[in-house]
Protein chains: 2
Amino acid sequence: MLSKSQINLLKSLQHKKFRSGQSFFLVEGHKSIAEFINSAYQIETVYHTSAFEPKVLNLSQKINLCEISVTELEKISSLKTPQDVIAQVKLPQWPALDHSQLAGKFSIVLDGIQDPGNMGTIIRIADWFGIHYIVCSTDTVDVYNPKVIQASMGSLARLKVYYTDLTDFLAEIKLPAFGALLDGDNIYNTDFGREGLIIMGNEGNGLRPEVQKLVTQAVTIPRIGKAESLNVAIATALLCSEITRKFGQ
Amino acid sequence: MLSKSQINLLKSLQHKKFRSGQSFFLVEGHKSIAEFINSAYQIETVYHTSAFEPKVLNLSQKINLCEISVTELEKISSLKTPQDVIAQVKLPQWPALDHSQLAGKFSIVLDGIQDPGNMGTIIRIADWFGIHYIVCSTDTVDVYNPKVIQASMGSLARLKVYYTDLTDFLAEIKLPAFGALLDGDNIYNTDFGREGLIIMGNEGNGLRPEVQKLVTQAVTIPRIGKAESLNVAIATALLCSEITRKFGQ
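Student: Break down the environment of Ile123(A) for me, citing the residues and quoting the values.
Tutor: Residues and elements named next belong to chain A. Checked against the element boundaries, Ile 123 lands in helix H5 (residues 116–128). Owing to a relative accessible area of 0%, Ile 123 belongs among the buried residues under this scheme. The spacing of Ile 123 and Ala 233 is 110 residues in sequence and 9.2 Å in space, taken between C-alpha atoms. In contact with Ile 123, other than residues within four places in its own chain, are Ile 134, Val 143, Val 148, Ser 152, Ser 155, Leu 156 and Leu 159.

Student: Could you give an account of the domain arrangement of chain A, naming the residues involved and the relevant values?
Tutor: Residue and element names in this part refer to chain A. Here chain A is partitioned into domain 1 (4–90) and domain 2 (99–247). One C-alpha centre belongs to domain 1, the other to domain 2, and the line joining them spans 29 Å. Facing 14 residues of domain 1, the contacting portion of domain 2 comprises twelve residues. Here domain 1 meets domain 2 over a buried area of about 1,200 Å², counting both sides, of which 57% is carbon and sulfur. Glu 35 serves as the salt-bridge partner of Arg 158, at 2.5 Å between the closest nitrogen and oxygen.

Student: Please give an account of the interface of chain A and chain B that cites residues and values.
Tutor: With 30 residues of chain A in contact, the opposing surface of chain B contributes 30 residues. The contact between chain A and chain B buries some 2,900 Å² in all, and 68% of this surface belongs to carbon and sulfur atoms. The interface formed by chain A and chain B includes zero salt bridges. Put simply, chain A and chain B have 16 residue pairs in polar contact (both at pLDDT 80 or more) between them. Considered class by class, the residues forming the side of chain A that touches chain B number 13 nonpolar, eight polar and nine charged.

Conventions adopted
Residues numbered from 1 in each chain as written. Chains lettered and ligands numbered in written order. Predicted model: local features only at pLDDT ≥ 70, side-chain atom pairs only at ≥ 80, totals over all residues. Heavy atoms only, no water. Helix = DSSP H or I, 4+ residues; strand = E, 2+ residues; numbered from the N terminus. Buried < 20%, exposed > 50% of the residue type's maximum accessible area, 1.4 Å probe, protein only. Contact = heavy atoms within 4.5 Å. Domains from an automatic or database assignment. Buried area = accessible area lost by both parts, 1.4 Å probe. Salt bridge = Lys/Arg side-chain N within 4 Å of Asp/Glu carboxyl O. Polar contact = N/O pair within 3.5 Å; in protein donor to acceptor, adjacent residues only side chain to side chain. Nonpolar A, V, L, I, M, F, W, Y, C, P; charged D, E, K, R; others polar.

And the structure:
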């Protein structure tokens, strides 16, 4: 059984301020928890109800398990209908991003993405296309937000996500910077080369003018029909797919 | 002011049973309402609060406006924070789908899509890529579900969506049937030709075996990384993009 203060602490991790303060975040769902356990992340405790079967997590290492009641789990969970388990995971302390890590590959750069569902979907897309790094403006939604983790379906465990001053970052880095804009080159005819940044903007406003200035090549997904826009996660996927296709040639 | 029974009728349109019974559905959001007004759909009434400015809908025709209170609007709306206007629209009575309408173009076929957000996003994607027809299995989420309409961002007004027995439909139609499956041909190397069906399966289970049997060419989005799967709307977008790219060559 958990004390009231333990429940309050765990519950507070739904908010960024408390995640930073406590240095923990929560992961829900069997698949996601299993992915975090088998990653570089450190699991503090896995809270579970009596209905939970540890074998679903396919554990290859010893972890700290703690049985709690269904009511306690419901209090901690951010889901309307929680599963039978929640993992408390240590916030990682990655060393600062070394720009040379991004050489010879493609990475994603996000300028002010706000919707946690979009952020999680972009992480899942990155993981599908073998992209390991995402660099975000400081006003982008926090990657340890419970809704981001849920939408990323465990893929977050395999990626490194950094938050930084984007204009400084883009001004300093020596890589092609492909920005998704309305009047850029047709992505189907663009030579993306072998390395670079795929820069995606905010859902409503796109890339900020100061970020646009640092784009080295504007690219556009051609529109055949009449929809006013594409969702940012969809646009990210289309760019990643086109780069992958050309990389394979 | 609306009577209690009027409010109950409008509120009931959030449920499929009552939409079918009453032959109406609701559209929210300025952009979506404007798209439906400028389409083949018939607008019954546009309910609005005193804060509403008709010019945002860019009306070129006479429509039936009805002012209601904020409280009334909140009762009718399916949104947590409704805008100042809701349109009551007549359910369309399309003539039955004539297979010859699908010749010479690409259309999307959905086998049991359940999530309204995915359905709405697929409609928006279809509209972006100039696809006009979507054919769904009868157990696919209803296209006039408020969450589908919200996610489709007005694109639904430009598409025709049919519900039918998919196995009968696929058995009879004389078009290439490209099914998104795990062990199909690489989409980047597939010759999609100039016409066909893009068949996408349920979020958890994919295409049903009886639908798989009617696929004439299985196609697969190559995975470079480790994500277990891609969201069905993302996969639909990647297929549409690849077909569009080749069509333009």
